[in-house]
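Below are the chains, spelled out letter by letter.
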Amino acid sequence: MAASDAKTHTMASEAAAEILSQKLEILLCHPECARCLSMEKLVKEAKEKVATIQGFFSTQDRPSKSMEWLGRLLRAMYEAEDFIDKFHLREARGRQGALHVVTRPAAELVSKYELWRNLSNLVKKMEELCQDQYLKGNMETAGATPASVTWKGPKKVRLTSYWNLQASFFFCHKEKKKEIMGPIVAKAEGWLVAVTSILGEQGTGKTFLTRSVYREAMSLGVESRAWVRMSADMEVKEFLLEILRQMGKPAREVKDMKLEEIMEMLSNELGKMKKFLIVLDDVQPSNELLLRRLVGIILFHGQGHILITTQHCNIAKTMDFSLGKRSFKLDKLNDHESEKMLASKLYRVPDGQRLSKNEDILSTCGGLPRSLSLLGGLLSYTEEHERQEPKLSALLKDCSGLAGIVQSSYRRLPVHLKPCFIYMALFPVASPIPTRRLVRLWLAEGLLDSHCYDSEGKRTRLPEDVGENFILELAERNLIDVVSWRADGSPKACQMPTCLHDMILPIAISTGFLHIHDASKSKDGNDGDSTAQQEQAQPRETKVRWLAEHTNIVRGGQGGGNPGLNLGHVRSFLSFYPRRGMLTKDISTVLRNITSKTDYSLLRVLDLEGVYKPSLQGVLHKLVLLRYLGLRSTVLDSIPGEVADLHYLETLDIKHTNITSLPSSLWKARNLRHLHLNWFYIDLKKILKACGNNVEALTKLQTLSGLVIGDVKEDSMTGHMNSLNSLTTLKLFLQLSDKAPSSGAAGAAGEMISRWISTGLTNLQSLTFGVIQEAKSAEQAEPQAGAKQEVGAAPAEPTKAKPEEEAKAKKSQVGKLPTLSLAERHHELLELYLLGRLENPIWTTLLPDSLRVLTLSGSKVETDMIPELGNLLTNLRTLRLLANSFRGKSLRFTAGGFPNLKILKIWKLPQLEDVTIEEGAMPHLKEVEFRHLEKLKTIDRICRCKELETIWVIYGTDKPAFVKPLEDGNGDETILHVERDTEGSGSMDTDEDDRDKEGETSAQHPEEEKHQSTGDGNRDEGGDMSGQHTEKERPQSTDDSDDNHIHIHVE
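Thresholds, definitions, all that
Residues numbered from 1 in each chain as written. Predicted model: local features only at pLDDT ≥ 70, side-chain atom pairs only at ≥ 80, totals over all residues. Heavy atoms only, no water. Core = buried A, V, L, I, M, F, W, Y, C linked by side-chain atoms within 4.5 Å. Buried < 20%, exposed > 50% of the residue type's maximum accessible area, 1.4 Å probe, protein only. Helix = DSSP H or I, 4+ residues; strand = E, 2+ residues; numbered from the N terminus. Contact = heavy atoms within 4.5 Å. Pairing = 2+ DSSP bridges. Axes fitted to C-alpha atoms, helices over the stretch in contact; angles between N-to-C directions. Patch = residues over 30% accessible without salt bridge, like charges linked within 9 Å, V, L, I, M, F, W, Y side chains within 5 Å. Areas by Shrake-Rupley, 256 points an atom, 1.4 Å probe, with all protein chains shown as cover. Salt bridge = Lys/Arg side-chain N within 4 Å of Asp/Glu carboxyl O. Lys, Arg positive; Asp, Glu negative; His and termini not counted. Charge placed at Lys NZ, Arg CZ, Asp CG, Glu CD. Left-handed = near helix turned anticlockwise from the far one by under 90°. Nonpolar A, V, L, I, M, F, W, Y, C, P; charged D, E, K, R; others polar. Expected span 1.5 Å × (residues − 1). Phe/Tyr/Trp six-rings, centres within 6.5 Å; stacked < 30°, edge-to-face > 60°. Lys NZ or Arg CZ within 6 Å of the ring centre and 35° of its normal.

- The name given to the chain in an unreviewed UniProt entry is Disease resistance protein RPM1-like, and the organism recorded there is Rhodamnia argentea.

Have a look at this one:
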């Protein structure tokens, strides 16, 4: 037990040392250190002592470390973290005006003295700790990996390197995947509901394989789906409510419903569906009652499929009713399969082929895919001498079984990755995490900034680039699974494997890093296993740094579910409890509890993504250190004005809400880096004026997304053409009034905006730009997806519409795009989405050759541009030609064109009759999608794309003529999916963290969606808002950016 405790505290100490090192680095850059040499000297001394401790942990032969020494070390580092944050807190309070003008100078002097005194004590403590345990001459780093970042260089270079690393984890289970998919796609024969059990021990790849099936099923006619991660103590009501929630029908009063009412509601919902899929992951023997309840509900209600993963062979027998039942066992890989998989993981190791045949390595892995994956990642990052005997044998000795490999993989992580990796344990187990969200959370916690400097102390990289590098390295080490990719080839969502989550979580909990509130209420009202175990693991009055809520943390009107927790030290609060149907003030109760002992909070992260209408009134002004405010998918109608007073705020995300205005003073923010809006009208003049009046306003802003602007006068742009030049992502629509010319020309406003983009925003990596024109008579138009006025949303203009008028969807026409010139200056532009007519475009002027993703919608190009684009865009990975982007009759992909294209999507081109693919065109094409091409007759020579894996055909009423030749000439290596797109054929993905990236159907919260399906979003007659329809989900490699689901508040 003592050895285990020492190992736990060692792991925690390594992470704590890295966090403290980052805070000292930031403090070193503080103006106070620059003005006071003695303060600067102390900070440098403290940083050197921490580096000494870190070097000690990385030595090859570690001396025995007593729990007493480790305990002193952890306490010293936690105390240092506290006094540094409290110094920043006192400074923020003074800036906010919380201190009286008379007492402020004295308070500042006292604050500086306290910081100096605390730094002196820290240096003294660290010196004592180093002399107590540090052994000179034993600092050789032989088991640890270099701390340098592997994925260096510009983003486009990293993506090119990473694109080809998307080898499937389950490539050895391809045949089983085909067998599993068969009944899900086919019509039921002899039963209404079928069950498939996937059996295998931990590490055989059950969950990874099932997730691939789950994602791909959405493209094969599955109308709705649910994924439930099972637990031993899960109750029937909780279980059924989770399925009902993901099926999209949680009633407002659901929290008060009886079990019989829930069962009836679920039965009715499933009965309406033509096909559904329910995945039950990690089913255990104690879940037998839940399975029987579920079967009793769905047995004769609709056509569906239940997919089960389990380690217990008797689970399949539980489902042995009058259902179509099948069982697959994932066995361990044989030697040949193991060698093949290990070799794929050692691709960057010079002697990888030799190592993949090493019998000792193969024996250590025991044929388990997860063990092979982890050990391959570990060996990829070891020095060459460690892969030779006798070092290799010593390394393998520490990797006994899957548990040993897991521990060694974490222990050998570079120190800068360890706190980032631990932070991921806040998310629910087996939960996909959007990388967009994760990197910004790391940034807000201060885990990235100090890695932006070179050896000379010069800032050379953005922290966001550092965070993306960290994800790439963790993925290459196989410590995280990349479960979906963006169209440009970068990871879009990742997750921590269950075996690693199970190892990290207890360590992080027992040492006070984090607390997970995940209590299942038992019948007697007591908490279930999860939280109770944490209470036992954590010392009394634990100071929790990171807090996550998986179930309601508020009990009996009190904030905080565990009275033994000290929430006054919380830096991050993430809620994964959606509170659907509960119009309560639970969140403000929790936040008041966090700030109850002090008037102000140390909180840096408040992430409420997906929580239903959280109340922030009365507490936001106390969160003066807040850096991340995540309100995505909360359906909030407004945001408190105090958000503009959050000086340190870096990320504000209000996408998928009903918020249609922001405090004007927000545009003066000095530290704001990422702003996600929900496609509502903003006066651009206010933004530019704020930048003009304050030289530091928005100078760090990188992401400005979801912005709709109206007429822009030339004089308002004068002198501001260089404003916001730090932007790397811009998603902007220009909205013309119904008084504009019927041609939809953007006029002077469009030309000013295009000049600003073309000449001023040269750091852009992603650009979405479109021109829309409000129709003169909304009643004459059919509602269009992407131009919906959401129910209850505030209008974009001051004029208040009647509720019944607000509820009507308005139609917006696509306008003419102004002339853009991106080729000359935009060398870092990777993704371009254009919505609007392109008249006689000069492609060599418009498009830079750096592009990885190009989407055209409503362009109405008359002549075939494919030959020219194919020769110009040699780096392109994804090409999307959406509705009315081309008005001609034929497209020709010429030899040598698009040499790196992998994904091609052609949608709704009403005049297209012929597609020709010449020999040598698109040699690396993996996937093609043809959607609603009613006049298309022939697709000539598509079989010449030797690497083509999947062809999707989605049609309306009648099957197009080109389908029959595809069916007859399709080879064994290419999978053809043909599907009729009927209303309601899509599905809503309610998975918390995949929502915006994997098929988000609406900006509305599930409580207010009125159960609109993605099929509604695909109806587009004539190209109005043609790019803004929702695309149904596709396999990992084809997930599109959320630009495909733009919903604009049109006024």
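### Brief notes about the nonpolar core
So, step 1. With 112 residues, the main nonpolar core has Leu652 and Ile757 as its most contacted residues.
So, step 2. Broken down by element, the residue count for this core peaks at five residues, all from helix 25 (residues 684–693).
So, step 3. Isoleucine 757 has contacts with Leu730, Leu764, Leu767, Phe769, Leu820, Leu822 and His826, leaving out every residue within four places of it along the chain.
So, step 4. Within the second largest apolar cluster, 106 residues are counted, among which are Val123, Cys399, Leu417 and Leu514.

### Points about the environment of isoleucine 587
So, step 1. Within the secondary structure, isoleucine 587 is located in helix 24 (residues 586–594).
So, step 2. Classification of isoleucine 587 by relative accessible area gives buried; the value is 2%.

### Description of the sheet that holds strand 25 (residues 890–893)
So, step 1. One open sheet holds the three strands; their spatial order is 25-27-29, and the pairing between them is parallel. Only two strands of the sheet have a single neighbouring strand rather than two, namely strand 25 and strand 29 (938–940). Averaged over all pairs of adjacent strands, the angle between their axes in this sheet comes to 10°, without regard to strand direction.

### Things to note about a negative patch on the surface
So, step 1. The grouping of Asp335, Glu359, Asp360 and Glu389 at the surface amounts to a negative patch.
So, step 2. Summarising the element assignment, aspartate 335 is placed in helix 13 (residues 335–345).

### Observations regarding helix 9 (residues 236–246)
So, step 1. Along helix 9, the residues that are buried comprise Val236, Phe239, Leu240, Ile243, Leu244, Arg245 and Gln246.
So, step 2. In this structure, the buried side of helix 9 is in contact with helix 8 (206–217), strand 2 (224–229), helix 10 (259–271), strand 3 (276–283) and helix 11 (288–298).

### Re the pattern of salt bridges
It is possible for side chains of opposite charge to pair when their charged atoms get near one another.
So, step 1. In this structure the tally under the stated criterion is 41 salt bridges.
So, step 2. Of the charged contacts in the structure, one is a salt bridge between glutamate 216 and lysine 177, with a shortest N-O distance of 3.0 Å. Here lysine 177 lies in helix 7 (residues 174–185) and glutamate 216 lies in helix 8, a separation of 39 residues in the sequence. Each member of the pair, glutamate 216 as well as lysine 177, carries the same accessibility label: buried.
So, step 3. In this structure, arginine 944 and glutamate 919 form a salt bridge, with 3.5 Å as the shortest nitrogen-oxygen distance. A residue pair is termed long-range when its members are at least 10 positions apart, and arginine 944 in the loop between strand 29 and strand 30 (950–955) and glutamate 919 in the loop between strand 27 (914–917) and strand 28 (927–931) qualify at 25 residues.
So, step 4. A relative accessible area of 48% places glutamate 919 in the partly exposed class.

### Re the environment of isoleucine 594
So, step 1. Structurally, isoleucine 594 is set in helix 24.
So, step 2. A C-alpha to C-alpha distance of 9.8 Å links isoleucine 594 and arginine 571, two positions 23 residues apart in sequence.
So, step 3. Not counting residues up to four positions away in its chain, the partners in contact with isoleucine 594 are Leu567, Gly568, Val570 and Ser601.

### A few points about the pairing of strand 7 (residues 481–485)
So, step 1. Counted residue by residue, strand 7 has five buried out of five residues, so it is predominantly covered.
So, step 2. When strand 7 meets strand 8 (residues 491–495), the two strands line up antiparallel, connected through four bridges. If you follow tryptophan 485 over to strand 8, its bridge partner there is proline 491.
So, step 3. Turn length for the strand 7-strand 8 hairpin, with the two strands adjacent in sequence and antiparallel, is five residues, and the turn residue glycine 489 shows positive phi of about 100°.

### Re the packing of helix 13 against helix 16 (residues 369–380)
So, step 1. Viewed as axis vectors pointing N to C, helix 13 and helix 16 meet at an angle of 35°, and their least axial separation amounts to 8 Å. Handedness of the crossing formed by helix 13 with helix 16: right-handed. From helix 13, Ser338, Met341, Leu342 and Lys345 reach across to helix 16, where they touch Pro369, Leu372, Ser373, Gly376 and Ser380.
So, step 2. The class makeup of the residues in the contact of helix 13 with helix 16 is four nonpolar, four polar and one charged.

### Re helix 27 (residues 747–760)
So, step 1. Helix length check: helix 27, at 14 residues, gives a terminal C-alpha distance of 19 Å against a target of 20 Å (1.5 Å per residue), a fit within 8%.
So, step 2. Restricting attention to buried positions, one finds in helix 27 the residues Ala749, Gly750, Met752, Ile753, Ser754, Trp756, Ile757, Ser758 and Gly760.

### Focus on the packing of aromatic side chains
So, step 1. Considering all chains together, one arrives at 12 aromatic pairs under this definition.
So, step 2. Ring centres of tryptophan 442 and phenylalanine 470 lie 6.5 Å apart, and the angle between their planes is 55°; on these two criteria the pair is classed as tilted. Here the residue tryptophan 442 occupies a position in helix 20 (residues 435–444), and phenylalanine 470 occupies one in helix 21 (residues 463–476), the gap between them amounting to 28 residues. Accessibility classification places tryptophan 442 together with phenylalanine 470 in one group, the buried group.
So, step 3. Aromatic rings pair up to connect Tyr78, Tyr423, Phe513 and Trp546 into one cluster.
So, step 4. In this arrangement the basic side chain of arginine 211 is found over the ring face of tryptophan 227, its NZ or CZ atom lying 4.3 Å from the centre.
So, step 5. The lysine or arginine in question, arginine 931, covers the ring of tryptophan 907, its NZ or CZ lying 4.4 Å from the ring centre.

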